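Architecture at a glance
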Amino acid sequence: MGSRSLHWVNTPVLAEALMRYEQNRLPRSMKLWVEQLLELSPQDSHQLLSHDPDY
């Protein structure tokens, strides 16, 4: 396993990227960035944000 570096990400930017990722509305480069940042498998279906109004 390769070494990991620390990433600082602006919270509103990440939240918007996650929302668009779930909606499949990201450009390919941003989609790859989200998958790499969160160590997601592109084949898996992901619900990353809570959609529960009581949450």
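Here the structure is shown first, and the text comes after it.
First, a word on what this report is: a plain description of the structure on this page. (Residues numbered from 1 in each chain as written. Predicted model: local features only at pLDDT ≥ 70, side-chain atom pairs only at ≥ 80, totals over all residues. Heavy atoms only, no water.)

Here we come to the environment of Glu-16. Tracing the sequence through the fold places Glu-16 in helix α1 (residues 11-22). For Glu-16, a relative accessible area of 32% puts it in the partly exposed group. For the pair Glu-16 and Leu-26, spaced 10 residues apart in the sequence, the C-alpha separation amounts to 9.9 Å. (Helix = DSSP H or I, 4+ residues; strand = E, 2+ residues; numbered from the N terminus. Buried < 20%, exposed > 50% of the residue type's maximum accessible area, 1.4 Å probe, protein only.)

Positive phi is not limited to glycine here, since Asn-24 has a value of about 60°. Inspection of the secondary structure puts Asn-24 in the loop between α1 and α2 (28-37). Under the relative-accessibility criterion, Asn-24 is labelled exposed at 61%.

One pass over the structure, following the stated rule, counts two salt bridges. With a shortest N-O distance of 2.8 Å, Arg-20 and Glu-16 are connected by a salt bridge. Of this pair, Arg-20 and Glu-16 both sit in helix α1, four residues apart, which is roughly one turn of that helix. Taking relative accessible area as the criterion, Arg-20 reaches 32% and is therefore assigned partly exposed. One salt bridge connects Lys-31 with Glu-35, and the closest N-O pair in it is separated by 4.0 Å. Residue Lys-31 and its partner Glu-35 are located together in helix α2, separated by four residues, close to a single helical turn. Overall, Lys-31 belongs to the partly exposed group, its relative accessible area being 29%. (Salt bridge = Lys/Arg side-chain N within 4 Å of Asp/Glu carboxyl O.)

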